[in-house]
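Structural features, examined
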Amino acid sequence: KMEKGGKSRSRTLVFLAFKIKAAWEHKFIFPPISDQNQALRLCLGSTAVGAQYGAISALSINNDCSRLLCGFAKGQITMWDLASGKLLRSITDAHPPGTAILHIKFTDDPTLAICNDSGGSVFELSFKRVMGVRTCESRCLFSGSKGEVCCIEPLHAKVELRDHPITQYSLLAMASLTKILVIGLKPSLKVWMTFPYGRMDPSSVPLLAWHFVAVQNSVNPMLAFCRGDVVHFLLVKRDDTGAIHVSKQRQLHLHYDLINFTWINSRTAVLLDSVEKLHVIDRQTQEELETIEISEVQLVYNSSHFKSLATGGNVSEALALVGEKACYQSISSCGGQIFYLGTKSVHVMTLRSWRERIDHLLKQERLTDALALAWSFYEGKAKAVVGLSGDTSKRKAVIADRMVEILLHYADRTLKKCPDQGKIQVMEQHFQDVVPVIVDYCLLLQRTDLLFNQIYDKMSENSVAKGIFLECLEPYILSDKLMGITAQVMKDLLLHFQDKNRLENLEACIVHMDITSLDIQQVVLLCWENHLYDAMIYVYNSGMNDFISPMEKLFKVIAPPLSAGKSLTGTQFPFKGCTKNAFLLLFYSCCLAGRAYPLGDIPEDLVPLVKNQVFEFLIRLHSTEGSVDEEVYPYVRTLLHFDTREFLNVLALTFEDFKNDKQAVEYQQRIVDILLKVMVENSDFTPSQVGCLFTFLARQLAKPNNTLFVNRTLFDQVLEFLCSPDDDSRHSERQQVLLELLQAGGIVQFEESRLIQMAEKAEFYQICEFIYERELRYDKIIGCYLHDPVRKEEVFNYIHNILSMPGYSAEEKQLVWQKALEHIEELLLLSPCKAADLVAIHFSEQIESIITNLQDQFLLFQFLRSLLDPREGINQDLIHLPPYITEQFIELLCQYSPDQVLETLKVLEYCRLEETIQITQKHRLHEASSYLLEKKGDIHGAFLVMLERLQSKLLMLTQDDETELPMLENIENTLMKTIALCQRNSHNLDQQQREALWFPLLEAMMSPQKLSGSSQCRYSESLKSLTMQVLNNMAAFIALPSILQRILQDPVYGKGKLGEIQGLVLGMLDTFNYEQTLLETTTNLLNHDLHWSLCHLRASVTRGLTPKQDYCCICLQQYKRRQETADEIIVFSCGHLYHSLCLLSKECGTVTKGLMRWMCYKCNSSNKAGKLSENFSELKKGSGTALAQSEGLAGTSSESLLDPQQIQAFDQLCRLNRGTSRLALLTELSRGHGSEKHGLLSISHGDPATSSVFQNENFQLHLAPPPLPED
């Protein structure tokens, strides 16, 4: 017995192997062996028969196992009686001779069989017995000349499905090398379905397999067929008219090629791939359940029969190629078993039953996996299930009993394998891996009796296991999956959490437990000792329906610290996780709303009683055990001190729930009177608390069905209290309280004039805004914003909204506009940027008067900068100012921020140059003056300003030795700006003007070195480096001989001291050599490219044209179709051929300079319409699109078009090599050498028509090797 299994799943398959004592490939047939000793029962055939017929190539047994059909390699067919071993028929004429039998199959009708030979044909064999003589009639169902069939599969129905209406058709599936066919043999031959494969590997094996499956509450046959790595499922149905319909189902895509497909039941299939691996697949989910390697089986392949070697190999190459992997006759299935024929043994594969799969995991001690598998059986989610049948409840009961056995075994094994010594953490980890699993499955099975009796008793033997067990119960209790626990387990649970000091977890568990499972006395005592008030309230409420006792006890706890003015936090407030919000208030609100605390609902019949009890409790004059000096209404007072706002919110919600009857009205009035008595007559409440009370009262009074009465004098007292305090503390709090009171409807309780007066006196500007807004006095609100230090910045948005948004009258907007203009200076002081934005939008006409009235010059500067500088974000199109204002801004900018002058001038859109230059020169801002002079067009003047600045810094460098490093950086910065100035403008100057810029700059940089007279000066190297930068940059605009001549004419260097400038000259020569080498290399590349282009052009022009076809691509007729002398044949370089009249009909010809120019219709029609029109425009300009030759039909040659062809070929070549022409490049280079521009790349920023090709952003050199010419 050999067992093969998957990696991590339970073993689903069992293999059995039996040895065979004779060679299958020869003459004998051994029927099934019935005993375990493999005793031989029958031997059918003989050596003589084998020599005559060849090897057995196919076998088939009928349904009642009484007949055996055998097909042989040489084409003979025999029928045997399995009961007696007698040969009944020997058939030699059922199919063409010289072909092997590939398949022979009985149908459900024992008198009908199907055979398939190596010629690809399929025949129907009809067995009859007439007057004691056995005969066989053959009928061809499919001829191999129409496509070779290599697999057949008749539909077989089990005994219980023999009455299925579809069985009367005797369906047969056939797989050829190109398609699948489903035909009906009865009542007459008919093809019901044809399905082509599509493209796939020609060596893959076609496979067919039938099985009845249940789909949509009906059982119908399903055909699985595949070739390669895709399995198709076809569902076959019969409709009421008797017609058969085949519908495609979901496909199965695999990552391996199949050589066998076998159904093992309606949901499970076993697939064999080309590397001899078995794959167990669930059909519905397409999940791979298991994989088994069976290469050791040494599977027998049917290749020799498919190649028909016994008859001389007279088969097609395609069939022989499929036969390389064919194993049809080596694999058979019956009764949920699959038999695999090996060279030395037969292997039987069957699915394990559900018990065997579980037991297999248990043997490997994989108890968790065994439980998971059993639970999947219980839920009905397992795949490939065998051995479970009957009613669902009965199946679950059987599986549950087995799971109980496993759980008990699991518990015993866990305790036995517990480590006896070592760290306690090791033991805890051991039980944490196991105990939660046991608990989980007990609760899933709803076997709490098992969990709290047998399992718990076992776990109690070990203290660590017991603790882990109790802790595992917590999540199930909190999720309400475990409501009831035995008294002993609950007692142990409480003690365990108490010992572990996990009181919060304990309390959470208690409030989720069924009260009947609790020992009330034990739990209450535990809760009071450990301050578990949630649990205590739950026990009182649910267990005793007592809602008052816990409140009395809790008030005793919180009243003393509150009366002493202490906050209820930390150790002073013993409630778990609570702060000032909401423990008692939450309990109180739940009671009044009919909800239980902390979870659930109060029984409906108790809700009215609970509400009355809670109200009566709250409004008690004194507590039950109060002292003599206790203040009245202690419970209300305590809650008000605890959290005034929340308590009043709870009261408001309670008032909403009250029915409008007499008792409810009395309750509300009584509560309000008590609140006023407690809070107004005492001074120990803060303004915020008093304000909350009157806000609450104002909201209640504002209701349309209000029945409360409150003396209006009390509101006046509150106003005095909030606006005229003894000190100035809590200003914002008092203002917010009064605002909430007014917004809640309390404003009707006050006289507005007195309210405004007191609010202004108290500096309650939000109150003033609220009242002014009610009175539509929007201009007054501007002052409120300006005087309120917290909300000053919001005044800009307020003014903008009033002036911009609809909903305000013109008079109101005008008042706001005037008020804003009066306070414009205050707005500028507040935020110049926002004020300038506001002015630009709404006060653009008053800008000049605003500037005139501003006395503070710095404030004016900030205003103008925000207004005129585009970087500040103001839209300059909104303002139109005279030029003097811009000049005034620049004057102020030079005074207060001279570093920003240059950057500001670059972005200013409107300024007068002459006046601005005078301002910058007045303040000695050289860079700004140079920029303006350059912008004006005075390049030399701009240069002189920068040169003067540079010379002054160089002079300072030679005189001051202490600031050498910062001064050098300053000089370098000025020099770079000066060089940039010269570079920007040298393109538009002549040679003399350029020398007037560059030579003074060079002289300025060399003069300090002459004065120092030595290279030992500390900064000489830095100056030489800067001088080299000047030389390198001027070399692009000044000829090198002129530079050298100017240097040598210098009086200092003319006396033979060339060593002083040796470094400069050598640097210039290195640069010249580099540029010369670059120029020569580029020229050589361009010359080579041009030479190749001209050679390719010449080859294209002289090459003959070969048409791809001998018919016109437009009319599709032979080119000799017409005999008109006017018709010509046009052949293009692309190989397409046309009649000239056809091209003219398609508008593919145009006349240019008296010559006809043609376009290929087929090539151009594939392009888009835009390109087509573009090509026509190019034709009109003289640029051709294709190389064409024409020939007269009558033998008269047309006029030679060599010149147009050359032009066309050249244009085509240009399109292949897009870019600047080579001629243009060479012309540009030669022009650069011949002109006075002696730099390597002479660039011009002048007229675009004369600018250099090198300046074009799309310019690029094609330096890659040229492409090979087309054949």
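Residues numbered from 1 in each chain as written. Predicted model: local features only at pLDDT ≥ 70, side-chain atom pairs only at ≥ 80, totals over all residues. Heavy atoms only, no water.

Formally: UniProt positions are given in the numbering used here, feature names are shortened, and annotations may be inferred rather than shown by experiment.
The name given to the protein chain in an unreviewed UniProt entry is VPS8 subunit of CORVET complex, and the organism recorded there is Falco tinnunculus. UniProt's Sequence similarities (unreviewed entry) comment on the protein chain is quoted here verbatim: "Belongs to the VPS8 family."

**Some points on the pattern of salt bridges**
Selection rule: Salt-bridge detection follows one rule: a side-chain nitrogen of Lys or Arg within 4 Å of a carboxyl oxygen of Asp or Glu. The rule is simple: take the accessible area with a 1.4 Å probe, protein chains only, and divide by the maximum for that residue type; under 20% is buried, over 50% is exposed, in between is partly exposed. Helix numbering and strand numbering both begin at the N terminus, where a helix is a DSSP run of H or I of at least 4 residues and a strand a DSSP run of E of at least 2.
Here the structure, examined in full by the defined rule, presents 30 salt bridges. Ionic pairing is found between Glu137 and Lys128, a salt bridge with its closest N-O pair at 3.7 Å. On the basis of relative accessibility, which here comes to 44%, the residue Glu137 falls in the partly exposed class. Assessed through its relative accessible area of 38%, Lys128 is described here as partly exposed. Across the pair Arg267 and Asp282 runs a salt bridge, and its minimum N-O distance is 3.2 Å. With Arg267 in the loop between strand 19 (258-263) and strand 20 (268-273) and Asp282 in strand 21 (residues 277-282), the pair connects residues that are 15 residues apart, well separated along the chain.

**A closer look at the packing of helix 5 (residues 367-379) against helix 6 (residues 392-416)**
Let me state the cut-off plainly: Orientation is described by lines fitted to C-alpha atoms, with helices fitted over the stretch in contact, and by angles between N-to-C directions that extend from 0 to 180 degrees. If an angle is under 35 degrees, it is roughly parallel; if it is over 145, roughly antiparallel; if it lies from 65 to 115, roughly perpendicular; otherwise it is oblique. In this scheme the handedness of a crossing depends on how the near helix is turned from the far one: anticlockwise by less than a right angle means left-handed, clockwise means right-handed. Residues are treated as being in contact if the distance between any of their heavy atoms lies within 4.5 Å. For this classification, the nonpolar set comprises Ala, Val, Leu, Ile, Met, Phe, Trp, Tyr, Cys and Pro, the charged set comprises Asp, Glu, Lys and Arg, and every other residue, Gly included, is treated as polar.
Interaxial distance between helix 5 and helix 6 falls to 10 Å at its minimum, and their mutual angle equals 165°. Taken together, helix 5 and helix 6 sit at an angle that is classed as roughly antiparallel. Helix 5 and helix 6 meet at a crossing whose hand is left-handed. Along the contact surface, helix 5 presents Leu367, Thr368, Leu371, Ala374, Trp375, Phe377 and Tyr378, while helix 6 presents Lys396, Ile399, Ala400, Met403, Ile406, Leu407, His409, Tyr410 and Arg413. A breakdown of the residues in the contact of helix 5 with helix 6 according to their chemical character gives twelve nonpolar, two polar and two charged.

**Here's the deal with the sheet that holds strand 11 (residues 171-176)**
To keep things clear, this is the line we draw: Two strands are said to pair when DSSP picks up at least two bridges between them.
Pairing within the open sheet is antiparallel, and its four strands lie in the order 10-11-12-13. Looking along the sheet, the strands with just one partner apiece sit at the ends: strand 10 (149-154) and strand 13 (190-196). Neighbouring strand axes in the sheet, compared pairwise and without regard to direction, differ in orientation by 15° on average. Bridging between strand 11 and strand 12 (residues 179-184) involves five bridges; their strand directions are antiparallel. In the strand pairing of strand 12, Ala175 is matched with Ile180.

**Thoughts on the pairing of strand 12**
Among the six residues in strand 12, five count as buried, and that is most of the element. In this structure, the hairpin formed by strand 11 and strand 12 is closed by a connection of two residues. Both strand 12 and strand 13 contribute to a ladder of six bridges, which runs antiparallel. Within strand 13, the position partnered with Leu181 by the bridge is Thr194. Here strand 12 folds back onto strand 13, and the loop between the two strands holds five residues.

**Digging into the nonpolar core**
Note that soluble globular proteins tend to have their nonpolar side chains buried in a common cluster. We apply this condition: Working definition of a nonpolar core: buried Ala, Val, Leu, Ile, Met, Phe, Trp, Tyr and Cys residues. They are joined through side-chain atoms within 4.5 Å.
Counting residues in hydrophobic clusters, the biggest one holds 155 residues, and the most contacted among them are Leu675, Phe694, Phe863 and Leu1001. Here Phe863 is in contact with Leu828, Ala836, Val839, Ile850, Ile851 and Leu854, once residues within four sequence places are set aside. Within the second largest apolar cluster, 77 residues are counted, among which are Cys418, Val439, Tyr476 and Ile485.

**Comments concerning the packing of aromatic side chains**
Basically, it comes down to this: Any pair of Phe, Tyr and Trp rings, taking the six-membered ring for Trp, is counted once the centres come within 6.5 Å. Such a pair is stacked with planes under 30 degrees apart, edge-to-face with planes over 60 apart, and tilted for the rest.
Under the counting rule described, the total for this entry stands at 20 aromatic pairs. With 5.9 Å between their ring centres and 85° between their planes, Tyr169 and Trp192 make a pair best called edge-to-face. Of this pair, Tyr169 sits in the loop between strand 10 and strand 11 while Trp192 sits in strand 13; the two residues are 23 residues apart in sequence, bridging distant segments of the chain. Members of the aromatic cluster, connected to one another through ring pairs, are Phe858, Phe861, Phe889 and Tyr896.

**Notes on the sheet that holds strand 20**
Across the sheet, four strands lie side by side as 19-20-21-22; this open sheet has antiparallel pairing. Looking at strand neighbours, the two that pair on one side only are strand 19 and strand 22 (288-293), the edges of this open sheet. Each adjacent strand pair in this sheet contributes to an overall mean axis angle of 20°, direction not counted. Two elements, strand 19 and strand 20, share five bridges in a ladder whose sense is antiparallel. Each residue of the ladder has a partner; that of Thr262, found in strand 20, is Val270.

**What about unusual backbone geometry?**
The residue after Lys186, namely Pro187, is reached through a cis peptide bond having omega -10°. With a phi close to 50°, Ser308 is a non-glycine residue in the positive phi region. Mapped onto the fold, Ser308 is located in the loop between helix 2 (303-306) and helix 3 (317-323). Judged by relative accessible area, Ser308 falls into the buried class, the value being 0%.

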